[in-house]
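Residues per chain are reported as follows:
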Amino acid sequence: MTTVAEHVDVLIVGAGLSGIGAAYHLQRAFPRRTYAILEGRESLGGTWDLFRYPGIRSDSDMYTLGYRFKPWLGDTSIADGAAILDYLRDTAAENGIDRHIRFRHRVRGAEWSTADNRWTVRAERADTGETVTLTADFLLSCAGYFRYDQPYVPDFAGTERFAGPVVHPQFWPADLDYANKKVVLIGSGATAVTLGPALTEQGAHVTMLQRSPSYIVSRPARDNIAMKVRRYLPPRAAYAVVRAKNVAFATTMYELSQRYPAWMRERIRGLQERWLPPGYDIDTHFTPSYNPWDQRLCLAPNNDFFRAIRKGRLDIVTDRIETFTETGLRLVSGATLDADIIVTATGLNLVAFGGIDLVVDGRPVTVSDSMAYKAMMLSDVPNFAYTFGYTNASWTLKADLVSEHVVRLLRHMDARGYARCTPVRDPSVGAESLFLNFNPGYVQRSASQFPIQGDRAPWRLRMNYLRDLFTLRHGSVANAALSFERADRPAPVAARD
């Protein structure tokens with residue numbers, strides 16, 4: 001007997017922020033279309049379910065991290081992980097999206113057949129170990145780009161000598177007792193800036209050890225303008241107004257940083273002089289070698305990071321590790337740091353599309369040789385789209401736009417009887433790194449695994465929500481770079497809206 005694989009019209013990979021949003025847009029636009037979501041973990045939420053370290057929170061405001069279609073009604077603009085996870089669960093339950101999720105289904109491979117005009121997707125069930133096969137007309141990767149099963153930890157000398165626990169935030173032990181302990185926190189990124197103050201709240205004394213500084217800025221956890229607007233407008237209208245306000249503010253700050261980096265550096269320094277104790281060594285501990293927004297700025301809601309320093313509960317040491325010792329760390333400078341617990345907030349590993357092996361008509365797709373079309377599709381890969389969020393703004397701003405554009409693309413294909421669409425790379429388009437103007441270590445370590453971008457539209461990656469808003473929500477779906485084909489006509493058919 002031959003087992004026929006289950007077929008759905010659209011298959012979504014990942015039940016995190018992007019996948020739940022994509023499902024909403026899809027079922028709202030096409031109530032009769034079938035879809036499924038394959039999620040490798042045992043619950044929805046992605047990043048917000050995986051990370052459980054103390055203080056886990058958003059590093060951007062919930063009026064832009066929240067979905068366009070579901071107003072954020074919380075009292076705080078900078079929300080903790082539990083509140084964000086509740087928001088995602090509510091969204092999935094309210095819209096019946098949770099009924100379409102297949103948990104513990106880790107997608108391993110997807111093969112496109114032009115003869116059949118469909119994807120065949122293999123997923124491994126974590127609970128039974130069996131391989132499940134589904135077919136789909138369109139494949140949408142919402143797996144993000146974090147590698148959930150393996151964080152990045154440098155090969156520190158002497159790690160085995162340390163007598164206490166060594167913990168990475170990605171796998172935080174629920175029973176870790178850090179109250180009133182000496183904690184050395186290795187790292188200077190968003191995770192370290194979040195963890196440091198949170199650990200001090202339980203009486204821990206934290207020493208944040210950094211090789212080099214990051215930009216750290218403060219912002220109120222509560223948006224007072226949002227609270228005032230809510231008094232006079234219905235929830236959806238108030239949400240739209242505050243969302244627009246925050247998008248405009250973030251876009252302005254980013255553009256100013258790009259055009260006037262020296263001015264922005266001085267502006268940030270001036271604010272830090274107000275937040276830190278008098279005479280604090282800002283040059284050593286808070287002055288990065290790069291310009292603002294060459295890496296993402298770290299956020300300290302309500303000055304919590306700077307308050308912990310002022311209260312003497314959090315110290316910063318800028319140095320390099322020579323070796324772990326039985327009681328802590330010995331640094332290159334010769335100084336030593338004693339610790340009961342060492343936390344390695346040293347970053348994440350990235351992986352494209354959840355590590356799925358893509359194959360088109362028997363040809364394995366080398367992702368790093370593929371060019372990103374509108375930063376959401378791959379050259380020469382039919383009926384496939386993916387979601388990567390912004391590095392300079394909230395992830396969901398881009399996720400919503402990608403989902404909306406996929407809906408428009410499917411409508412275009414339905415109206416004209418097309419079975420497949422494929423971005424076709426123009427040889428005259430120059431190639432550049434996808435992360436050309438963004439250089440944090442975790443990105444640079446993995447950049448070679450990701451698609452390249454082109455030197456012009458529609459192959460150019462733009463970290464500008466307002467421009468993408470026009471292109472993806474309102475601009476033409478069809479153009480010379482996108483080939484549309486009918487099932488009975490293998491030759492490309494040019495089409496324009």
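Everything numeric in this text was worked out from a predicted model, so none of it was measured. (Residues numbered from 1 in each chain as written. Predicted model: local features only at pLDDT ≥ 70, side-chain atom pairs only at ≥ 80, totals over all residues. Heavy atoms only, no water.)

## Considerations on the confidence of the model for the chain
Operational definition: pLDDT expresses, on a scale from 0 to 100, how confident the predictor is about each individual residue. Note on definitions: a residue-residue contact is assigned when non-hydrogen atoms from the two residues lie within 4.5 Å.
The share of residues in the chain with pLDDT of 70 or more is 96%, and the mean pLDDT across the chain is 92. Low pLDDT (under 50) marks residues 490–497, which in the prediction has 26 contacts with non-local residues, meaning those over four places away or in another chain.

## Overview of the sheet that holds strand β13 (residues 321–324)
Where we set the bar: We call two strands paired when DSSP finds no fewer than two bridges between them. Secondary structure elements follow DSSP: runs of H or I of four or more residues count as helices, runs of E of two or more count as strands, with numbering from the N terminus. A fitted line through C-alpha atoms represents every axis, and for helices the fit uses only the stretch in contact; the resulting angles, taken between N-to-C directions, go from 0 to 180 degrees.
A sheet is described by the order of its strands in space; here three strands give the open sequence β13-β14-β15, paired in antiparallel fashion. In the strand order of this sheet, the two ends are held by β13 and β15 (336–338), each with one partner. Neighbour to neighbour, the strand axes of the sheet diverge by 20° on average, direction disregarded. Relative to β15, strand β14 (residues 328–331) is paired through three bridges, and the arrangement is antiparallel. Looking at β15, one finds that Arg-330 is bridged to Thr-336.

## Notes on the pattern of salt bridges
So the rule is basically this: Salt bridge criterion: a side-chain nitrogen from Lys or Arg within 4 Å of a carboxyl oxygen from Asp or Glu. Think of it in three bands: with a 1.4 Å probe and only protein chains considered, a residue is buried below 20% of the maximum accessible area for its type, exposed above 50%, and partly exposed in between.
Evaluated as defined, the whole model comprises 25 salt bridges. The closest approach of N and O atoms between Asp-400 and Arg-243, which form a salt bridge, is 3.6 Å. Linking Asp-400 in helix α11 (residues 395–416) with Arg-243 in helix α7 (residues 235–259), this pair joins segments that are 157 residues apart in sequence. For the pair Asp-400 and Arg-243, one class covers both residues: buried. The partner of Glu-404 in a salt bridge is Arg-473, with the nearest N and O atoms 2.7 Å apart. Taken as a pair, Glu-404 in helix α11 and Arg-473 in helix α13 (residues 465–474) lie far apart in primary sequence, 69 residues in all. The class of Glu-404 is buried, set by a relative accessible area of 11%. Taken together, the shared-partner salt bridges connect Arg-41, Asp-49 and Arg-52 into one network.

## Concerning the environment of Val-351
The topology assignment puts Val-351 in the loop between β16 (341–344) and β17 (357–360). On a C-alpha basis, the gap between Val-351 and Phe-146 in space is 6.0 Å, while along the polypeptide they are 205 residues apart. When residues no more than four places from it in sequence are discounted, the contact partners of Val-351 are Gly-144, Tyr-145, Phe-146, Arg-147, Gln-449 and Phe-450.

## Quick word on the nonpolar core
Convention followed: Definition used in this section: a nonpolar core is a set of buried Ala, Val, Leu, Ile, Met, Phe, Trp, Tyr and Cys residues joined via side-chain atoms within 4.5 Å.
In this structure, Trp-119, Phe-305 and Leu-358 are the most contacted members of the largest nonpolar core, which totals 138 residues. With twelve residues, the next largest nonpolar core counts Leu-329, Leu-331, Leu-337 and Ile-342 among its residues.

## A look at the pairing of strand β4 (residues 105–113)
Sheet topology note: the β4/strand β5 (residues 118–125) ladder contains eight bridges and is antiparallel. Paired with Trp-112 across the strands is Trp-119, a residue of β5. Connecting β4 to the next strand, β5, in antiparallel fashion are four residues, including Asn-117 with a positive phi near 55°.

## Some remarks on unusual backbone geometry
For residues other than glycine, phi is negative in most cases, and the peptide bonds are mostly trans. Cis geometry is found at the peptide bond from Ala-457 to Pro-458, where omega equals 0°. Although it is not a glycine, Trp-293 adopts a positive phi angle of roughly 75°. With respect to the helices and strands, the residue Trp-293 is situated in the loop between α9 (282–285) and β11 (298–301). Overall, Trp-293 belongs to the buried group, its relative accessible area being 13%.

## Describing helix α5 (residues 190–200)
The element α5 is largely enclosed, with a buried count of nine among its eleven residues. Taken residue by residue, α5 has Ala-192, Val-193, Thr-194, Leu-195, Gly-196, Pro-197, Ala-198, Leu-199 and Thr-200 as its buried positions.

## A few points about the packing of aromatic side chains
Condition: Two rings from Phe, Tyr or Trp (for Trp, the six-membered ring) form a pair when their centres sit within 6.5 Å of each other. Planes less than 30 degrees apart are called stacked, planes more than 60 degrees apart edge-to-face, and all others tilted. Geometrically, a charge over a ring is one whose NZ (Lys) or CZ (Arg) sits within 6 Å of the ring centre while staying within 35 degrees of the ring normal.
Applying the stated rule across the entire model yields 31 aromatic pairs. Positioned above the aromatic ring of Phe-30, the side-chain terminus of Arg-33 is 4.5 Å from the ring centre. When the ring centre of Phe-30 is taken as origin, the NZ or CZ atom of Arg-411, which lies over that ring, is 5.8 Å away.

## Structural notes on the packing of α11 against α13
For clarity, the cut-off: Reported orientations rely on four angle classes, namely roughly parallel under 35 degrees, roughly antiparallel over 145, roughly perpendicular from 65 to 115, and oblique for the rest. By the definition used in this description, the sense in which the near helix is turned from the far one sets the handedness, with an anticlockwise turn below a right angle giving left-handed and a clockwise turn giving right-handed. Any residue outside Ala, Val, Leu, Ile, Met, Phe, Trp, Tyr, Cys, Pro, Asp, Glu, Lys and Arg is labelled polar, Gly included; the first ten of those are nonpolar and the last four are charged.
Look at α11 against α13: their axes get within 8 Å of each other, and the N-to-C directions meet at 15°. The pairing of α11 with α13 is recorded here as roughly parallel in orientation. The chirality of how α11 crosses α13 is left-handed. In contact with Leu-397, Lys-398, Leu-401, Glu-404, His-405 and Arg-408 of α11, α13 contributes Tyr-465, Asp-468, Leu-469, Thr-471, Leu-472, Arg-473 and His-474. A per-class count over the contact of α11 with α13 returns five nonpolar, three polar and five charged.

## Considering a nonpolar patch on the surface
Where we set the bar: Exposure above 30% relative accessible area and the lack of any salt bridge qualify a residue for a patch; like charges then connect within 9 Å, and the nonpolar side chains Val, Leu, Ile, Met, Phe, Trp and Tyr within 5 Å. To be clear on the numbers: accessible area is Shrake-Rupley with a 1.4 Å probe, and residue cover counts the displayed protein chains and nothing else.
Taken together, Tyr-232, Leu-233 and Val-241 make up a surface patch of nonpolar side chains, about 320 Å² in accessible area. Here Leu-233 shows up in the loop between α6 (224–232) and α7.

## With respect to the state of the cysteines
What counts, and what does not: Here, two cysteine sulfur atoms that lie within 2.5 Å of each other are counted as a disulfide.
Throughout the structure, instances matching the rule amount to zero disulfides. Its sulfur unpaired, Cys-421 is 15 Å from the next cysteine sulfur, which belongs to Cys-142.

## Concerning the sheet that holds strand β8 (residues 182–186)
The strand order across the open sheet formed by five strands is β7-β16-β8-β9-β12, and the pairing between neighbours is parallel. Strand pairing shows two members of the sheet lacking a second neighbour, β7 (166–167) and β12 (314–318), which therefore form its edges. Relative to β16, β8 runs parallel, the two being bridged by four bridges. In the sheet register, Leu-185 faces β16, and the bridge partner there is Val-343.

## Notes on the environment of Asn-302
By secondary structure assignment, the location of Asn-302 is in the loop between β11 and α10 (304–310). Given the relative accessible area of 42%, Asn-302 is considered partly exposed. Taking the C-alpha atoms as reference points, Asn-302 and Ile-78, separated by 224 residues in sequence, lie 9.7 Å from one another. Leave out the neighbours within four places in its chain, and Asn-302 touches Ser-218, Arg-219, Pro-220, Ala-221 and Arg-307.

## Here we look at the side chain of Arg-57
Inclusion rule: By the counting scheme adopted, Arg and Lys are positive, Glu and Asp are negative, and His together with the chain ends is not counted. Within 3.5 Å is the distance limit for a polar contact, defined as a pair of N or O atoms, with the added protein rule that one can donate a hydrogen and the other accept it, and that residues adjacent in sequence qualify only through two side-chain atoms.
If you trace the backbone, Arg-57 turns up in the loop between α2 (47–50) and α3 (62–65). In this structure Arg-57 is buried but unpaired, with Asp-304 as the nearest side chain of opposite charge at 4.8 Å. A distance of 2.6 Å separates the side chain of Arg-57 from the backbone oxygen of Leu-299, its partner in a polar contact. Ignoring any residue separated from it by four or fewer positions in sequence, one finds Arg-57 in contact with Trp-48, Ile-78, Ala-79, Asp-80, Gly-81, Val-193, Thr-194, Leu-299, Ala-300 and Pro-301.

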